[in-house]
Amino acid sequence: MLMDFETALGYLPVLLDGLIQTVWLTALTLVIGAAIALPVAWCRNADSTAARAFAITFVFVFRGAPLLVLLFLIYYGAPDLPIIRQTVLWEAFREPVFCAILALSLNSAGYLSEVIAGAVRAVPRGEVEAARVAGLSRFSVARHVILPNAARIGLRAYGNEVTFVIKGTSVASLVTITDLMASANRVYYSTFDPFTPLIGAGCLYFLFVLLLGRTINALERRLSVGNA
Amino acid sequence: MDWSLFSLGAAGWGDELLYGLGITLALAVLSFLIGTVAGTLFGLVELHAPRPLAALFAGYALVMRSVPELLVIFLTYYAAGFVAERFLELFGISTRVSVSAFAAGVMALAMVQAAYTSEVIKGAVRAVPGGLLEAARALGMRPVIAFWKVTLPLAMRYAFPGLANLWMVVIKNTPFVSAIGVTDFIGQAGTAGQNTKHYFAFFLAVLLVYLVISGVSMIGQLVMERRLFRHVPTAGS
């Protein structure tokens, strides 16, 4: 039959080890991706034409470039450049994990910055003006008016983006990282049974996506309390 | 940069790269067309079929959208021959079936595309105003005719932006098939890089070509949307 439960149980620890790698890659990508996306989103809504042009170019490049191409350009291509090969940067770029997280974060930031910028633009202008008139400082307005509003508006799109990040981490398996995808392929090579490990890995990916998606949905509902 | 790397003929890698680009475009177009047709049917099944069947297709779409494309591609490649052999055995035919990496890649990307398309189609059909359908029925149109003459033309318009986005998604998913050995654009660039040790030049070229493809697609989308919605009054006109 397609699934062999004895293989599944015997190799489950291998898959779980891979899952841990995948969870790590996802977590780091979400954090670093957000750290890159925030300034880009700020540029996207800035008054300065140059800042907006930069943000639009950033989004066009990192959303338009396929993730795998970006990863291979960084992993295989970057060592060709003297500025990377002959400086301290090489210490980072020689690590497959660094390359994978850099590619994933840039790719994710391309999508995420648009989500953030769009959510901030969607905050009603009147509320911001009212808060300013009431004497709140620029920082307080950002902290107490724009942030909670924008989080509510952008969270659904963010949930989708998180799913794409989880799915995207599987490219790490193509640059020698033993994430869940690579672990599944490893079990296949040693058992000659492709179905059990790959379907098993598929189930684990599915559960991870479901769990994180549910968490974000719950958060969205919580934030929307009091907003019809 | 050394441009002779990209020259045609035996000296450069230009013709190999163009061949790979052709494979990539063929892969994208085929999987988009197959996936869109299948996904439209899936969406209509989810909307109109009896509950268990609709739930089955909804489950398929949910799983396909939650699992990495790369995994779907590997699984399809490993499983396609096996499944085809078992299927033929049902009819008493016992034979070896081998599925090419290209065919497996098209199948896998089409399966993913179908899952996303069914969501777009469901939304588009639901967006057709109910009053229009009631009017059509009141005029004496049978449900099939009303669907064909009223729901479908409108739903197609509503679905267009979503489908255009999915075309971009398909394009960006194509490089994954190089993992099962398809000699597509990025696969050829990898071979060229391996032989010349100029990975950066080749992968940068691949990235730029993908950006051109997505730029051209965006312009095409704008032009087609303007045509599709030409009868809809906009704020400016």
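Going by the structure above, here's the rest.
Attention here is on the structure that accompanies the text. (Residues numbered from 1 in each chain as written. Chains lettered and ligands numbered in written order. Predicted model: local features only at pLDDT ≥ 70, side-chain atom pairs only at ≥ 80, totals over all residues.)

Things to note about the overall build of chain A
(1) Moving on: The helix and strand inventory of chain A stands at ten helices and zero strands.
(2) Moving on: Written out in order from the N terminus, the α and β elements of chain A read α-α-α-α-α-α-α-α-α-α.
(3) Moving on: Seen through its principal axes, chain A has C-alpha atoms that stretch 70 × 50 × 25 Å.
(4) Moving on: Out of the 228 residues in chain A, the part that is buried amounts to 39%.
(5) Moving on: Within chain A, residue pairs in contact and separated by at least 24 positions form 78% of the contacts whose partners lie at least 6 positions apart. (Helix = DSSP H or I, 4+ residues; strand = E, 2+ residues; numbered from the N terminus. Buried ≥ 20, exposed ≤ 12 C-beta atoms within 10 Å, placed from the backbone. Contact = placed C-beta atoms within 7 Å.)

Remarks on the overall build of chain B
(1) Moving on: From N to C terminus, chain B includes eight helices and zero strands.
(2) Moving on: In chain B, the succession of helices and strands from N to C terminus is α-α-α-α-α-α-α-α.
(3) Moving on: Each of the three principal axes of chain B carries a C-alpha extent, and together these read 70 × 65 × 25 Å.
(4) Moving on: Among the 237 residues that make up chain B, the fraction classed as buried is 35%.

Comments concerning the environment of Met218 of chain B
Residues and elements named next belong to chain B.
(1) Moving on: Looking at the secondary structure, you find Met218 in helix α8 (residues 199–228).
(2) Moving on: Using a count of 14 C-beta atoms within 10 Å as the deciding quantity, one classes Met218 as partly exposed.
(3) Moving on: In this structure, the C-alpha to C-alpha distance between Met218 and Ala164, residues 54 residues apart in sequence, is 8.4 Å.

Quick look at the interface of chain A and chain B
(1) Moving on: Taken together, the contact between chain A and chain B spans 29 residues of the former and 28 residues of the latter.
(2) Moving on: Elements supplying a minimum of two residues to the side of chain A that touches chain B: α2 (49–64), α3 (67–77), α8 (138–168), α9 (180–191) and α10 (195–223) of chain A.
(3) Moving on: Among the elements that take part in the side of chain A that touches chain B, α10 of chain A stands out by supplying eight residues, more than any other.

Here's the deal with unusual backbone geometry
Residues and elements named next belong to chain A.
(1) Moving on: The phi dihedral of Thr176 is positive, around 70°, even though this residue is not glycine.
(2) Moving on: Along the chain, Thr176 falls in the loop between α8 and α9.
(3) Moving on: A residue is classified by how many C-beta atoms lie within 10 Å of it, and Thr176, with 11 of them, is exposed.

Looking at the nonpolar core
Across soluble globular proteins, nonpolar side chains have a tendency to be buried as a group.
(1) Moving on: Counting 113 residues, the largest nonpolar core has Val69, Leu70, Leu71 and Ala103 of chain A together with Leu71, Phe203 and Val206 of chain B as its most contacted members.
(2) Moving on: When near neighbours in sequence (up to four residues on either side) are disregarded, Ala103 of chain A contacts Leu67, Leu70, Leu71 and Ile74 of chain A. (Core = buried A, V, L, I, M, F, W, Y, C linked by C-beta atoms within 7 Å.)

So, the environment of Phe203 of chain B
(1) Moving on: Within the fold, Phe203 of chain B resides in helix α8.
(2) Moving on: You can call Phe203 of chain B buried: it has 27 C-beta atoms within 10 Å.
(3) Moving on: Expressed as a C-alpha distance, the spacing of Phe203 of chain B and Phe91 of chain B, which sit 112 residues apart in the sequence, is 47 Å.
(4) Moving on: When neighbours within four sequence positions are excluded, Phe203 of chain B is seen to be in contact with Val69, Phe72, Leu73, Tyr76 and Gly77 of chain A together with Ala189 and Gly193 of chain B.

Some points on the packing of helix α1 (residues 14–48) of chain B against helix α6 (residues 143–173) of chain B
A packed helix pair is summarised by two numbers, namely the angle formed by the two axes and the spacing between the axes.
Residue and element names in this part refer to chain B.
(1) Moving on: Interaxial distance between α1 and α6 falls to 10 Å at its minimum, and their mutual angle equals 135°. In terms of orientation, α1 and α6 fall into the oblique class. For the crossing formed where α1 meets α6, the hand is right-handed. The segment α1 lies against α6, with Ala28, Ser31, Phe32 and Thr36 engaging Leu163, Trp167, Val170 and Ile171. (Axes fitted to C-alpha atoms, helices over the stretch in contact; angles between N-to-C directions. Parallel < 35°, antiparallel > 145°, perpendicular 65-115°, else oblique. Left-handed = near helix turned anticlockwise from the far one by under 90°.)

Details of α8 of chain A
All names here are of chain A.
(1) Moving on: Between its first and last C-alpha, α8 extends only 37 Å over 31 residues, short of the 45 Å set by a 1.5 Å rise per residue.
(2) Moving on: Remark: the principal bend of α8, roughly 50°, maps to Leu155.
(3) Moving on: Within α8, burial applies to Val145, Ala150, Gly154, Glu161, Val162, Val165, Ile166, Lys167 and Gly168. (Expected span 1.5 Å × (residues − 1). Bend = angle between axes of the 7 residues up to and from the residue.)

Quick notes on the packing of α1 of chain B against helix α2 (residues 51–66) of chain B
Residues and elements named next belong to chain B.
(1) Moving on: One can describe the packing of α1 onto α2 by two numbers: an axis separation of 7 Å at closest approach and a directional angle of 135°. Considering their axes alone, α1 and α2 lie oblique with respect to each other. Along this stretch, α1 crosses α2, giving a crossing that reads as left-handed. In this structure, α1 uses Phe42, Val45 and Glu46 to contact α2, whose residues at the interface are Leu53, Ala54, Phe57, Ala58 and Ala61.
(2) Moving on: Tallied by class, the residues present in the contact of α1 with α2 amount to seven nonpolar, no polar and one charged. (Nonpolar A, V, L, I, M, F, W, Y, C, P; charged D, E, K, R; others polar.)

Looking at the environment of Pro66 of chain A
(1) Moving on: Along the chain, the position of Pro66 of chain A falls in the loop between α2 and α3.
(2) Moving on: Under the C-beta neighbour-count criterion, Pro66 of chain A is labelled buried, with 25 such atoms within 10 Å.
(3) Moving on: For the pair Pro66 of chain A and Ile177 of chain A, spaced 111 residues apart in sequence, the C-alpha to C-alpha distance is 19 Å.
(4) Moving on: Once you skip the residues sitting within four places of it in the chain, Pro66 of chain A turns out to touch Lys172, Pro175 and Tyr210 of chain B.

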